[in-house]
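Analysis of the macromolecular model
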Amino acid sequence: MSDCPYRDLSLSAAFFFAALAIPAAAQPEAPTSPAGVVFATSVDSPLQARKASLLLDSLRRFGGPWADAPVHVVVDEVLEQTAPLWRRPGVTAHALGGDPELRRFPYARKVLAAAQVERLVEKSARTLVWLDAETLVLSPPRALVLQGDTALAVRPVFLRNAVALPEGAPLDAWWSRIVHEAGLGTSFPETVVPLVDAGAFRWYVNCGVYAMRPSKGVLREWARAFTALVADPEVRKEAGPGGLRHVFLHQAVFAAVALARTRADERASLPNEVGYPLHLHEKVPLAARLARLDDAQVAIYEDLFERRPAWRGLIPASEGVAAFVDESVEWLRAGIPEGPADRAGPR
């Protein structure tokens, strides 16, 4: 996720219901892959559309048993740029619904998109895997396939970002409003240990890579609570340093709702190989760094390849993975409408 300015908005929680409205024609019976797994992401810019295309290429090439899994892409205002995605086998694109004013708040599009897909697949999929467009699948994503009674698989945030609270710290007014809206008591004992920043924090998890049981309705509740909090003047007034509390409001609400809506025995922690922060690799403590890029099931790269196209000195990789990433970076920076897989033909 990148930090960018957004203006404050005055919104009603009623917008949530409009945001989840999906035209009847957009609600076919959703297909699934082995073990009932579907993948989802969202797109709200031409650049993100190109990154989503790379994500799809990586899943099809390195996804193993899930390489041909159905993928749902929720798009906002870039339908023409995402046309190549619509033509891919196994990909279904959906126009994002909801009030345009709500979608102007940081990451509201992503929240509403996740809820929209959850509603679509709740009866047909056992596992909904959400991957931000700025990720790559580099080996079979086994840890994202929910087993048994597990309903949620997540990992802690990487950085505090003026949002996370230290273990044992009382909730401030901002967090208190969030946990109240989520239906979570303020004395929850759960903590996490981030990968990069030192120390334990009160429960606060990443929402860029996760797996969810769609029948639980967690993502729709996330959208409802997020919409209500965006409409709260006190929450909008609390932007935090550099606006980070606006930028990460969606993630804080995700964490609170996920904790409130699942039992301890329904939650699983993702291993370091899933959602590994490649863009923060040099900040990851040495003991926790992946030895090779091939070890990652899913890597998050954010804007790494725009900043550092000559990435090979960052982390070792097999020639197959390195060549794929090199070609992807070249195509991404060139801004070609089709992805590498479109130009290269069938894999």
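Keep in mind the model is a prediction, meaning the values are calculated, not measured.

**Focus: the confidence of the model for the protein**
Per-residue pLDDT for the protein averages 88, and the proportion of residues at 70 or more is 87%. Every residue in residues 2-29 scores below 50 in pLDDT, and together they form 57 contacts with partners more than four places removed in sequence or on other chains. Every residue in residues 342-347 scores below 50 in pLDDT, and together they form 10 contacts with partners more than four places removed in sequence or on other chains.

**Some words on the pairing of strand β1 (residues 37-43)**
Among the 7 residues of β1, 7 are classified as buried, and the element is accordingly described as predominantly covered. On β1, burial covers both faces: V37, F39, T41 and V43 on one face and V38, A40 and S42 on the other are all buried. Pairing of β1 with strand β4 (residues 127-131) involves 4 bridges; the strand directions are parallel. Bridging across to β4, V38 finds its partner in L128. Where β1 lies against strand β2 (residues 71-75), 5 bridges are found, and the strand directions are parallel. The residue of β2 that forms the bridge with A40 is H72. Crossover β1 to β2 through helix α2 (residues 46-62) is right-handed.

**Comments concerning the pairing of β2**
Most of β2 sits out of view: 5 of its 5 residues are buried. Neither face of β2 is exposed, since V71, V73 and V75 on one face and H72 and V74 on the opposite face are all buried.

**Observations concerning the packing of aromatic side chains**
Each aromatic ring pair is specified by the distance between its two centres and by the angle formed by the two planes. This model, assessed by the stated rule, comprises 7 aromatic pairs. For the pair F105 and F226, a centre-to-centre distance of 6.0 Å together with 70° between the ring planes defines the contact as edge-to-face. Of this pair, F105 sits in the loop between β3 (91-95) and α4 (108-121) while F226 sits in helix α6 (residues 218-230), and the two are 121 residues apart along the sequence. For F226, a relative accessible area of 0% gives the class buried. Taking 4.9 Å as the distance between ring centres and 45° as the angle between the ring planes, the aromatic pair formed by Y210 and F254 counts as tilted. Placement of the pair is Y210 in strand β9 (residues 209-212) and F254 in helix α9 (residues 249-261), with a sequence separation of 44 residues. Accessibility assignment for this pair places Y210 and F254 in one class, buried. The ring of W203 carries the charged tip of R267 above its face, separated from the ring centre by 5.6 Å.

Rules used in this analysis
Residues numbered from 1 in each chain as written. Predicted model: local features only at pLDDT ≥ 70, side-chain atom pairs only at ≥ 80, totals over all residues. Heavy atoms only, no water. pLDDT = per-residue confidence, 0-100. Contact = heavy atoms within 4.5 Å. Buried < 20%, exposed > 50% of the residue type's maximum accessible area, 1.4 Å probe, protein only. Helix = DSSP H or I, 4+ residues; strand = E, 2+ residues; numbered from the N terminus. Pairing = 2+ DSSP bridges. Right-handed = clockwise from strand over helix to strand, strands pointing away. Phe/Tyr/Trp six-rings, centres within 6.5 Å; stacked < 30°, edge-to-face > 60°. Lys NZ or Arg CZ within 6 Å of the ring centre and 35° of its normal.

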